[in-house]
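A closer look at the structure
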Amino acid sequence: MCSQIAYEYDGEPATTALCHCTDCQKWTGAAYTSNVVVPRTAFRVTKGSPKTYDAVGASGKVNKHFFCGNCGSGLYTELEIMPDVTCVKSGGLDEGAADHPIAVEFYTKDRLKYSQAVQGADQKPEFA
């Protein structure tokens, strides 16, 4: 939001996903996160140094959250359970939270009652 952090990735996203877990609800202050999932090797920070916060997910593995130390914007997450990808928060992309086709919804067991399933998206109660 404040432009002190910039990042980029090469290629097309591996997938787009929503996560309804309570960790993501707390992380965003919303019902879920909207993520563009990209290969970790294709992602890089090009400006600034994000701050991090580690949370232990339901899997017992670390979810490393990256955010701007100046404005507090959530930027991306790297999950031990998904070591090959980076989950970029779609609202932080230059074009904003574009109408990306959602391929999968994770932690649907934690989905809030007012949030409906995305038609055509794979529905996963957890990550497993």
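Just above sits the structure.
A brief structural summary. (Residues numbered from 1 in each chain as written. Predicted model: local features only at pLDDT ≥ 70, side-chain atom pairs only at ≥ 80, totals over all residues. Heavy atoms only, no water.)

1. Focus on the overall build of the protein
The helix and strand tally for the protein stands at 1 helix and 10 strands. In the protein, the order of α-helices and β-strands from amino to carboxyl end is β-β-α-β-β-β-β-β-β-β-β. Relative to its length of 128 residues, the protein is compact, with a C-alpha radius of gyration of 14 Å against a globular reference of 14 Å. Principal axes of the C-alpha set define a box for the protein whose edges measure 40 × 30 × 25 Å. A fraction of 52% describes how many contacts in the protein between residues 6 or more apart in sequence connect residues 24 or more apart. As presented, the protein carries roughly 7300 Å² of accessible surface, and 50% of it is formed by carbon and sulfur atoms. Side-chain charges in the protein split into 12 positive and 15 negative, and the spacing between the mean points of these groups amounts to 7 Å. (Helix = DSSP H or I, 4+ residues; strand = E, 2+ residues; numbered from the N terminus. Rg over C-alpha atoms; globule rule 2.2 N^0.38 Å. Contact = heavy atoms within 4.5 Å. Areas by Shrake-Rupley, 256 points an atom, 1.4 Å probe, with all protein chains shown as cover. Lys, Arg positive; Asp, Glu negative; His and termini not counted. Charge placed at Lys NZ, Arg CZ, Asp CG, Glu CD.)

2. A look at the side chain of His20
The residue His20 is located in the loop between strand S2 (15-19) and helix H1 (22-28) in this model. Look at His20 and you get buried, because its relative accessible area is 0%. Among the polar contacts made by the side chain of His20, one reaches the side chain of Glu105 at a distance of 2.6 Å. Not counting the four nearest positions on each side in its chain, His20 is found in contact with Gln25, Ala31, Tyr32, Glu105, Phe106, Tyr107, Thr108, Asp110, Arg111 and Ser115. (Buried < 20%, exposed > 50% of the residue type's maximum accessible area, 1.4 Å probe, protein only. Polar contact = N/O pair within 3.5 Å; in protein donor to acceptor, adjacent residues only side chain to side chain.)

3. Points about the sheet that holds strand S5 (residues 51-56)
Taken together, the 8 strands give an open sheet; going across it, the order is S5-S6-S7-S8-S3-S2-S9-S10, and neighbouring strands pair in mixed fashion. Looking at which strands have only one partner, the edges of the open sheet turn out to be S5 and strand S10 (122-123). Pairing between strand S7 (residues 74-79) and strand S8 (residues 85-89): 2 bridges, direction antiparallel. Bridge pairing in S8 places Thr77 opposite Cys87. (Pairing = 2+ DSSP bridges.)

4. Let's talk about the packing of aromatic side chains
Applying the stated rule across the entire model yields 5 aromatic pairs. Between Tyr7 and Phe43, the aromatic rings sit 5.5 Å apart at their centres with planes inclined by 40°, giving tilted as the arrangement. Taken together, the residues Tyr7 in strand S1 (residues 6-9) and Phe43 in strand S4 (residues 43-47) connect sequence positions 36 residues apart. For Phe43, a relative accessible area of 10% puts it in the buried group. Here the aromatic rings of Trp27 and Phe67 are separated by 6.4 Å at their centres, their planes lie at 70°, and the arrangement is edge-to-face. With Trp27 in helix H1 and Phe67 in strand S6 (residues 62-67), this pair connects stretches of sequence that are 40 residues apart. (Phe/Tyr/Trp six-rings, centres within 6.5 Å; stacked < 30°, edge-to-face > 60°.)

5. A few points about the pairing of S8
Counting buried positions along S8 yields 5 of 5 residues, so the element is predominantly enclosed. Of the two faces of S8, the one carrying Val85, Cys87 and Lys89 and the one carrying Thr86 and Val88 are both buried. In this sheet, S8 lies alongside strand S3 (residues 33-39) in antiparallel orientation, the contact comprising 5 bridges. Paired with Val37 across the strands is Cys87, a residue of S8. Adjacent in sequence and paired antiparallel, S7 and S8 are bridged by 5 residues.

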